[in-house]
Amino acid sequence: MAYKAINPFNGELIREFPNATDAEVETTLKNAHEFYLEAKHQPILEREKMLKEVADEMNANIDYYAKILSLNMGKLFNEAKQEVLRTTEFAEYYARNGSSLLKDQPYEIPNNYAYVEYNSIGAIMAVEPWNFPYMQVMRVFAPNYIVGNPTILKHASIVPEAAQAFEEAILKAGIPTGAFKNIFADYDQVNKMIADPRVQGVALTGSERAGSQIAAESGKNLKKSTMELGGTDVFMVLDDADLKSAVNDAVLGRLGNAGQACTSAKRFIVNQKLYDDFVDGISAQFAKRTLGDPLDFKTTLAPMSSKSAQQKLQGQVNDAISGGAEIIWGDNTPIKGPGSMFNPLIISGITADNPMYDQELFGPVAQVYKVKDDVEAVQLANRSQYGLGGAIYSKDVERAQNLASHIETGMVAINQTMLSHAEVPFGGVKRSGYGRELSDLGIKEFTNQKTILYK
Ligand code: NDP
């Protein structure tokens, strides 16, 4: 059984789930297709109302939903509650704005009239990661439900209880299983579903490796896909930055969710004028963090999501040190025991030939770089195969906006950490993937943008 919930704090097996049978796969596809056909005749307003009920259910039982996240992937309980709230904000956004986001778009052409309408296309296969087990799923489910596309979820195998809890919230709101189904599918079954004509779109959030495999399957079957992959997001501190807020945000950006977010601040590029004070500032705050049980309110740094995540990060750090990098703050002695704890670290001296140079570090390890000016900062930022997000700190917003235009990423945040908002598009370029989630762009990704001409 591949789907197992293991408490990352103590390594205890909580529950395991059998893989789906092929008959379940077929029933899932059949129900999804029936929902797709029915939804064409259902007013959007009805789906908006139901979506709001999903949000209400999760908000009313926030502790219940949050605790599952802490137990399945180790998220601090307070951060887990924040995730539930943000998940419901995404649902509420589409519940409020669904119809208006999908209204017909008129076009002007000589001697004729034209408009585009946004029709549903069929089931969407959503392959989702463990780092934000509810939020990531809602970003796909909510807009597609409004459109009339059913979602079939293949969640990460380490968060099966979270996958079930999400489905539970949907069923409690009265949404039928055809509109949303969590399925404990193996990779072959996922590929079969992608190939099935009842599935017309594929959305993945996860690693570059998973992304390239699923994108290849989608391409082979001529199915549209969106890929939200990893990043090595920069956190740039210019010489005129407000140091205190840069330091505070840097620590939140690196240690939030135990450093396991695609848009976590990962590479800290700091002007030489502020470099020493910045490193002292973040070191002092890293030192105040306490690793422990995510359900204990005294814990301020969560364990990593799994033993394999802990071991992967340890390997990356060891390779970086062998390649000449230096730990300038923190204790690199591996934490023994069944849990997945990882001590925070600050690393410098990462040269272009170091294995860590262009790797995504999915955990509480900060890479710091000293630069002489903005030109060097932008060059370093862009010397990456990834292009997801990034942040720039400067008291001169116009200067930061100018630099933002030169950074090769899908998103840049100025004087704040990179967070997703329902109202604005989210996504990357280069090996961070393609397509956009959230906002008007997100809801239109999996629609038939149908042109209608009339006289
Ligand atoms: P993966 O990218 O492997 O997993 C993400 C999802 O994809 C999971 O549901 C996984 O299922 C599924 N998956 C992976 N390969 C396939 C496949 N061939 N066919 C069908 N489904 C597939 O993440 P990992 O947990 O392995 O994390 C490894 C690294 O990926 C991290 O260290 C981090 O660098 C990056 N990552 C980035 C994320 C982001 O938000 N950008 C999120 C998660 C990871 P299953 O669990 O069953 O393997």
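Only a predicted model underlies this, so the values are computations on that prediction, with no experimental measurement involved.

### A word on the nonpolar core
Generally speaking, nonpolar side chains in soluble globular proteins are found buried as a group. L51, Y94, Y134, F141 and F166 are the most contacted members of the largest nonpolar core, which totals 67 residues. Those elements that provide at least two residues to this core are α1 (22-39), α2 (44-60), α3 (62-73), α4 (77-101), β4 (112-119), β5 (123-127), α5 (135-147) and α6 (160-172). In terms of residues, this core owes the most to one element, α5, which gives nine residues. Those residues in contact with F166 that lie beyond four places of it in its chain are M58, T87, Y134, V137, M138, F141 and F180. Counting residues in hydrophobic clusters, the runner-up holds 30 residues, among them M236, M356, L403 and I407.

### Here we look at the sheet that holds strand β20 (residues 448-454)
Within a sheet, neighbouring strands are paired by backbone hydrogen bonds and run either parallel or antiparallel to one another. As summarised here, the arrangement of the three strands in space is β3-β4-β20, forming an open sheet in which the pairing is antiparallel. Looking at the sheet topology across the chains shown, the edges are occupied by β3 (105-109) and β20. If you compare each strand with its neighbour and ignore which way they point, the axes differ by 25° on average. The pairing of β3 with β4 spans five bridges and is antiparallel. If you follow Y107 over to β4, its bridge partner there is A114.

### Details of the packing of aromatic side chains
Tallying each qualifying case throughout the model produces 18 aromatic pairs. Between Y65 and Y134, the ring centres sit 6.1 Å apart and the planes meet at 80°, which makes this aromatic pair edge-to-face. Here Y65, found in helix α3, pairs with Y134, found in the loop between β5 and α5; they are 69 residues apart in sequence, far enough to count as distant. Their ring planes at 45° and their centres at 5.3 Å tell us that F235 and F268 sit as a pair that is tilted. Here the residue F235 occupies a position in strand β10 (residues 234-237), and F268 occupies one in strand β11 (residues 267-271), the gap between them amounting to 33 residues. An identical accessibility class is assigned to F235 and F268; each is buried. A network of ring pairs unites the aromatic residues F35, F141, Y145, F166 and F180 as a single cluster. We note R139 situated over the ring of F426; from NZ or CZ to the ring centre the distance is 4.3 Å.

### Describing the pairing of strand β9 (residues 224-228)
With four of five residues buried, β9 is to be regarded as a mostly interior element. The handedness of the strand β8 (residues 199-205) to β9 crossover, carried by helix α8 (residues 208-220), is right-handed. Bridge count for β9 against strand β19 (residues 433-434) is two bridges, and the pairing is antiparallel. Across the sheet, the residue bridging to E228 is G433, located in β19.

### Considerations on the layout of surface pockets
By volume, the largest pocket is sized at about 1200 Å³. Forming the walls of the largest pocket are 45 residues, and the residues nearest its centre are W130, G206, S207, R209 and A210. Counting only elements with at least two residues in the lining of the largest pocket, the list comes to α7 (187-195), β8, α8 and α11 (307-322). Looking at which element gives the most residues to the lining of the largest pocket, the answer is α8, with six residues. When its volume is computed, the second largest pocket comes out at roughly 670 Å³. Those elements that provide at least two residues to the lining of the second largest pocket are α4, α5, β10, α9 (243-255) and β16 (390-393).

### Re unusual backbone geometry
Unusually for a residue other than glycine, L222 sits at a positive phi of about 55°. Here L222 lies in the loop between α8 and β9. Residue class for L222 comes out exposed when judged on its relative accessible area of 76%. Although it is not a glycine, L438 adopts a positive phi angle of roughly 65°.

### Notes on the UniProt feature "domain: Aldehyde dehydrogenase" (unreviewed entry) in the chain
UniProt's entry tags residues 3-452 with the feature "domain: Aldehyde dehydrogenase" (unreviewed entry), counted in the numbering of this structure. In this annotation, residues 3-452 is assigned 41% helix and 19% strand; the end-to-end C-alpha distance for the span is 46 Å.

### Side note on the site of the ligand
The full set close to the ligand counts 23 residues, and W130, Y187, S207, R209 and Q213 are the nearest of them. E128 has a polar backbone atom sitting 2.8 Å from an oxygen atom of the ligand. Taking N131, its side chain carries an N or O atom lying 3.2 Å from an oxygen atom of the ligand. For the ligand, whose unbound accessible area comes to 870 Å², protein coverage reaches 86%. Given that more than half its atoms are within 2 Å of the pocket grid, the ligand belongs to the largest pocket. When residues of the shell around the ligand are assigned to their parent elements, the largest contribution, four residues, is made by α8.

### Notes on the pattern of salt bridges
Inspection of the entire model under this criterion finds 21 salt bridges. Here D196 ties to R198 by a salt bridge, and the two come within 2.9 Å at their closest N and O atoms. Taking the shortest distance from any N to any O, the salt bridge between E208 and R431 comes out at 2.3 Å. One end of the pair, E208, is in helix α8; the other, R431, is in the loop between β18 (429-430) and β19, with 223 residues separating them in the sequence. For R431, a relative accessible area of 41% translates into the label partly exposed.

Reading the values: the criteria
Within every chain, residues take consecutive numbers counted from 1 along the sequence as written. Thresholds applied to this predicted model are a pLDDT of at least 70 for local features of residues and 80 or more for the giving and counting of side-chain atom pairs; totals over whole chains, interfaces and linings are not thresholded and use all residues. Hydrogens and water are ignored here; the side-chain numbers use all heavy atoms of the structure. Nonpolar core, defined: a set of buried Ala, Val, Leu, Ile, Met, Phe, Trp, Tyr and Cys residues in which side-chain atoms within 4.5 Å join the residues together. In this scheme, a residue with accessible area under 20% of its type's maximum is buried, one over 50% is exposed, and one in between is partly exposed, where area comes from a 1.4 Å probe on protein chains only. Elements are defined by DSSP. Helices are runs of H or I of four residues or more, strands are runs of E of two residues or more, and each kind is numbered from the N terminus. Every residue pair with non-hydrogen atoms within 4.5 Å of one another is taken to be in contact. Only strands joined by at least two bridges in the DSSP assignment are considered to pair. All axes are obtained by fitting lines to C-alpha atoms, using only the stretch in contact for helices, and the reported angles, taken between N-to-C directions, cover 0 to 180 degrees. Classification of ring pairs rests on two measures: the distance between centres of Phe, Tyr or Trp rings, Trp counted by its six-membered ring, which must be within 6.5 Å, and the angle between planes, read as stacked under 30 degrees, edge-to-face over 60 and tilted in between. Throughout this description, the term charge over a ring refers to an Arg CZ or Lys NZ atom that lies within 6 Å of the ring centre and within 35 degrees of the ring normal. Call a crossover right-handed when, viewed with both strands pointing away from you, the route from the first strand across the helix to the second goes clockwise. Grid points spaced at 1 Å over the protein atoms alone were grouped into cavities, where a 1.4 Å probe fits but cannot get out, and pockets, open sets with protein on both sides within 12 Å along at least five of seven lines, with lining residues defined by an atom within 4 Å of a point. Grid points are joined across faces, edges and corners, and a volume is the space filled by probe spheres set on the points. UniProt positions are given in the numbering used here, feature names are shortened, and annotations may be inferred rather than shown by experiment. If a single non-hydrogen atom of a residue is within 4 Å of a molecule or strand, that residue counts as near it. Contacts described as polar in this section are N or O atom pairs within 3.5 Å, which, within protein, must combine one atom able to donate a hydrogen with one able to accept it, while residues neighboring in sequence count only if both atoms come from side chains. For every accessible area listed, the method is Shrake-Rupley and the probe measures 1.4 Å; residues are considered covered only by the protein chains on display. By definition, a pocket or cavity contains a molecule when more than half of the molecule's atoms lie within 2 Å of the pocket's grid points. One side-chain nitrogen of Lys or Arg within 4 Å of one carboxyl oxygen of Asp or Glu is enough to make a salt bridge.

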